[in-house]
Each structure stands twice: as C-alpha cells, then as structure tokens.
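Topology and contacts: notes
Each chain, written out:
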Amino acid sequence: MNILKNGINHHAYLIEGDIHLSYKSLIKSLDELGYITSGNADIFEKDYESILIDDVREIKDFESEAMNVNSKKKFIILKAVTFSYPAQNALLKAFEEPRPGVVFFLLMPDATKLFPTLRSRLMS
C-alpha cells in the first residue's frame, strides 16, 4: 500500500476502493512498519454499512482512552460504505484537532460522499 510507504506521518488517512482488500493491505503495511496488529487493545476497528452519530460517540470514547504503556500509536480503522452527514460533522473536530498518537484510517469504496471539508483533513 503506497499510502504508508514513508511510514505514518499524518493523523488521518482515506483509503478508497475495495474495503476488504484495502484492509488486508493496511494491516500488512502496519505489520511491516513494526506495529502489532493482532490482539492489540489500542486498535479500534469496525465495519459499518453507514457510520451514524451514535457510532461517532463510540469512536470518540475509544480515542479518549489512555494508550497502553507499550504502544506507540492508537489506530482507529473505520470500514464504511457511507457516512451520515451528522456523523461527518461530529468527527470533523477529531480530524481538525487530532489527539497525540491517534491515527485514523477511513476505508470506503467511494469517498465522493464525504464533505469536502472532511476529505481535506484526510491524506489519500
């Protein structure tokens, strides 16, 4: 996956295309960079048909939890087909003011459904 060829140097990434294949490539890339992906409590990953406002509350709760002592980063991996407008607005602040050590990965088949403001906060 080219998006991580230079390591993780951004707080939020957009990966557009086949969600299942993108996820496999992402996990492989994280493993190659030396991050533990299997059984890591500092990884939040979830599949959504559509991310809704209640889902954002769960995501923000995970984001605000303390990182494990041995972890270098917390990863939030969101696999979604669509993203409701209220949920996009609610997550926009997290992308504008990232918490130290937290990295978002948004995997979607078609990112044209995202607000341009939100897309501009994501590296693709």
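The structure under discussion appears in the preceding block.
Residues numbered from 1 in each chain as written. Predicted model: local features only at pLDDT ≥ 70, side-chain atom pairs only at ≥ 80, totals over all residues. Heavy atoms only, no water.

**Quick look at the overall build of the protein chain**
In terms of regular secondary structure, the protein chain is built from four helices and four strands. For the protein chain, the succession of helices and strands along the chain, N to C, is β-α-β-α-β-α-β-α. Since a compact globule built from 124 residues should have a radius of gyration of about 14 Å, the 13 Å found for the protein chain is in line with a globular shape. Dimensions of the protein chain, computed from the C-alpha atoms along their principal axes, are close to 35 × 30 × 25 Å. (Helix = DSSP H or I, 4+ residues; strand = E, 2+ residues; numbered from the N terminus. Rg over C-alpha atoms; globule rule 2.2 N^0.38 Å.)

**Comments concerning helix H2 (residues 53–64)**
Residues spaced three or four apart along an α-helix point in a common direction, a consequence of the helix completing one turn every 3.6 residues. Compared with an ideal rise of 1.5 Å per residue, which puts twelve residues at 16 Å, H2 spans 17 Å between its outermost C-alpha atoms and is within 8% of the ideal. Inspection of H2 places Asp55, Val56, Ile59, Phe62 and Glu63 among the buried residues, and these make up the whole buried set. Down the axis, H2 shows its buried residues gathered within 120° of arc, on one side only. For H2, the elements touching its buried residues are strand E2 (43–51), strand E3 (74–83), helix H3 (85–96) and strand E4 (102–108). (Expected span 1.5 Å × (residues − 1). Buried < 20%, exposed > 50% of the residue type's maximum accessible area, 1.4 Å probe, protein only. Arc of directions from axis to C-beta. Contact = heavy atoms within 4.5 Å.)

**Digging into the environment of Tyr48**
Mapped onto the elements, Tyr48 comes out in strand E2. It is 17 Å that separates the C-alpha atoms of Tyr48 and Phe75, two residues lying 27 residues apart in sequence. Beyond its immediate stretch of four places on either side in the chain, Tyr48 contacts Asp55, Glu58, Ile59, Leu78, Lys79, Ala80 and Val81.

**Some words on the side chain of Ser84**
As for its position among the elements, Ser84 is in the loop between E3 and H3. In contact with Ser84, not counting residues within four places along its chain, are Ser50, Ile51, Leu52 and Ile53.

**A closer look at helix H1 (residues 19–32)**
Along its 14 residues, H1 runs 20 Å from first to last C-alpha, staying within 8% of the 20 Å computed at 1.5 Å per residue. Regarding H1, the residues found buried are Ile19, Ser22, Tyr23, Leu26, Ile27, Ser29 and Leu30. Seen end-on, H1 carries its buried residues on one side only, within an arc spanning 160°. In H1, the exposed residues that point more than 90 degrees away from the buried face are His20, Leu21, Lys24, Lys28 and Glu32. With a side-chain oxygen lying 3.1 Å from the backbone nitrogen of His20, the N-terminal cap of H1 falls on Asp18. Two residues or fewer after H1 comes Gly34, characterised by a positive phi angle close to 95°. (Polar contact = N/O pair within 3.5 Å; in protein donor to acceptor, adjacent residues only side chain to side chain.)

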